[in-house]
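Here is what each chain is made of, one letter per residue.
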Amino acid sequence: MADDKVYISANELLADSFRLGNMVLESGFAPTHLVGIWRGGAPVGIAVQELLEYHGVVCDHIAVRTSSYSGIDQQTPEVRVFALGYLIDTLGPDDRLLVIDDVFDSGRSIEAFLRELALRCRHNMPRGVRIATVYYKPTRNRTALKPDFFVHQSDAWLVFPHEVNGLTLDEIRRHKPEAAAILQRAPMTDFASAVDRADFIAGLPKAELHLHIEGSLEPEMLFALAKRNAVAIPFESVEAVRAAYEFSNLQDFLDIYYQGMSVLQTEQDFFDLTAAYLARAEADAVRHVEIFFDPQGHTERGVAFAVVIGGIARALDAARARGVTSRLIMCFLRHLDEAAAEATLDEALPYLAVIDGVGLDSSEVGHPPAKFARVFARARALGLKLVAHAGEEGPPAYVHEALDVLGVDRIDHGNRALEDAALVARLATGGMCLTVCPLSNHKLCVVDDLAAHPLRRMLDAGLVATVNSDDPAYFGGYVNANFVAVADALDLRRDEIVALARNSFAGSFLGETDKARHLAAIDAYVAQAG
Ligand SMILES: [Zn+2]
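Residues numbered from 1 in each chain as written. Predicted model: local features only at pLDDT ≥ 70, side-chain atom pairs only at ≥ 80, totals over all residues. Heavy atoms only, no water.

- Looking up the protein in an unreviewed UniProt entry gives the name Adenine deaminase, with the organism given as Sandarakinorhabdus fusca.
- According to the UniProt record, the Catalytic activity (unreviewed entry) comment for the protein is "adenine + H2O + H(+) = hypoxanthine + NH4(+)". (UniProt positions renumbered as here; feature names shortened; annotations may be inferred.)

Next comes the structure, spelled out in structure tokens:
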């Protein structure tokens, strides 16, 4: 059926409406009252009235509304008519009434309008009544009426210029390109319930751009790896580990985080850790991941760089074979000095084939980006992408520094950038992606309440914000849990959720062809979700 639709442009409709006016004019019928049947008859009626007045035929004009509902027998639709008061007050038997609509289909609207008007005007019902429509569908006519004037006869499914509801995004793109660009940021159909919204999020294709692989170590795996590697941990059971994950401040989090790292010893451990995350991400409809790893957290306790990167890269390869693409970003721990970061970059040199970028993480405050200016410059010269955590807890000045001094391609978190209007404008203009982590922000008290989370303000400001899980094993959920929690807290609309998913690919380090492929997959998903 979709191919049978005839799309009418605004210009075509306007021209045809003027043609319709000419037909009325040439017939010699000079209306005293012109009635457009709301909605479709309104734009046509305005054009006809304008043309008549241009030629000296001045008439009163108004719109009335009809609505159809199922009658008692549930077979024949009944039509109600609204807003007749003005006509009843002003019409007289010698007036000439012109009824206008965009299309004469079943004819029931116009029939109901004329019947109701006659009933209520009684002896004041004008004797001269004409019907003018741009389109006439004789095969669909269910009345004894027919238009006195029409421009086109048609059986096609007509789509008028204003119509967008009921069309897929793809149809809007192809047939109403000028509208598509605007509608992208306007609400589409919203969700009937939070469950519907969660279902929509569950299958929505997305990328994850802010994920510390060490932060995906679930209590079960921590406990199992401690046993496998005979690493002493102060927990007697998985439940005890889980209880330790219930931290309430940053220091407690860092304590358990670094304790967790200690169980990661062999290449197989890093493979298992990464493979478990990827399986979990795939279940969340994640199609592309950009993973952080912290080599300094491992090499300083005697685990070789090759062991770490070998296991992670092997799991990423296995996922790639299943269609999940990835980039690997090596982070420098910012509480250590730049010389340590330089040494880490030296160690990474033999593995640049599998390392795509460098980042900056760990405790932000007191360790501004500028501390790592030289090592970032060297990484850039090596062709690596650059990212940095900035504006999570640190001030907007750190975000400025990450941009100006480090020259980053992406900002991780960036929440506090909103405190600086000039910075917001700069980020928006430059299309700078922010990798936002709602559950992490909540758990680490960057926001007191998710309902106060700045994500919507970021979108409204035109920022390329994305949703990510940061350290999902510790902060209460993977990427879909982050989407659902923040969407519920902020009552995010469908178009906002779709924009976040689109941003995740747009802000990724994928090539343009891959980005386009993923964005098309989002469109297809949205169209199919209806
Ligand atoms: Zn992070």
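Now that the structure is up, let's keep going.
## Things to note about helix 1 (residues 10-27)
Okay, so step 1: With 18 residues, helix 1 extends 26 Å from end C-alpha to end C-alpha; this agrees with the ideal 26 Å at 1.5 Å per step.
Okay, so step 2: Within helix 1, the full set of buried residues consists of Leu 13, Asp 16, Ser 17, Leu 20, Gly 21 and Val 24. Summarising the axial view, the buried residues of helix 1 lie within an arc of 150°, below the 170-degree limit, and thus occupy one face. Opposite the buried face of helix 1, at more than 90 degrees from it, the exposed residues are Asn 11 and Glu 26.
Okay, so step 3: The inward-facing, buried residues of helix 1 contact helix 2 (41-54), strand 5 (96-104), strand 6 (128-136) and strand 7 (149-153).
Okay, so step 4: A positive phi of about 90° marks Gly 28, the residue just after helix 1. (Helix = DSSP H or I, 4+ residues; strand = E, 2+ residues; numbered from the N terminus. Expected span 1.5 Å × (residues − 1). Buried < 20%, exposed > 50% of the residue type's maximum accessible area, 1.4 Å probe, protein only. Arc of directions from axis to C-beta. Contact = heavy atoms within 4.5 Å.)

## Quick look at the coordination of the zinc ion
Okay, so step 1: Each protein donor to the zinc ion is listed here as His 210 (NE2), His 212 (NE2), His 389 (NE2) and Asp 470 (OD); together their distances run 2.1 to 2.3 Å.
Okay, so step 2: Taken together, the four donor atoms coordinating the zinc ion and their angles of 82 to 174° define a geometry best described as irregular.
Okay, so step 3: Look at where the donors of the zinc ion fall in the sequence and you get H-x1-H-x176-H-x80-D. Highlighted residues: His 210 in strand 9 (residues 206-212) and His 389 in strand 13 (residues 385-390), separated in sequence by 179 residues. A single burial state applies to His 210 and to His 389, both of which are buried. (Donors = N, O, S within 2.8 Å, 3.2 Å for Na, K, Ca; no water. Tetrahedral: all angles 85-135°; square planar, octahedral: opposite > 155°, others 65-115°.)

## Observations regarding the packing of aromatic side chains
Okay, so step 1: With the rule as written, the count across this model stands at 16 aromatic pairs.
Okay, so step 2: With 5.6 Å between their ring centres and 80° between their planes, Phe 104 and Tyr 136 make a pair best called edge-to-face. Residue Phe 104 is located in strand 5, and its partner Tyr 136 is located in strand 6; the two are separated by 32 residues in the primary sequence. The same class applies to Phe 104 as to Tyr 136, namely buried.
Okay, so step 3: Taken together, the ring pairs in this structure connect Tyr 245, Phe 247, Phe 253, Tyr 257, Tyr 258, Tyr 474 and Phe 475 into an aromatic cluster.
Okay, so step 4: Just above the ring of Trp 157 sits the side chain of Lys 5; from NZ or CZ to the centre is 4.6 Å.
Okay, so step 5: Geometry around Phe 82 places Arg 65 over its ring, the cationic atom sitting 4.7 Å from the centre. (Phe/Tyr/Trp six-rings, centres within 6.5 Å; stacked < 30°, edge-to-face > 60°. Lys NZ or Arg CZ within 6 Å of the ring centre and 35° of its normal.)

## Re the sheet that holds strand 15 (residues 433-436)
Okay, so step 1: Here we have eight strands laid out as an open sheet, ordered 9-10-11-12-13-14-15-16, and parallel in their pairing. The sheet is open, and its two edges are formed by strand 9 and strand 16 (464-467), each paired on a single side. Shown here is a sheet whose adjacent strand axes are inclined to one another by a mean of 25°, direction ignored.
Okay, so step 2: Of the strand pairs in this sheet, strand 10 (residues 286-293) and strand 11 (residues 325-333) are connected by six bridges, and their pairing is parallel. Within the sheet, the bridge partner assigned to His 288 lies in strand 11 and is Thr 325.
Okay, so step 3: Helix 21 (residues 479-490) rests against strand 9, strand 10 and strand 16 of the sheet, and its axis sits at about 105° to strand 9. (Pairing = 2+ DSSP bridges. Axes fitted to C-alpha atoms, helices over the stretch in contact; angles between N-to-C directions.)

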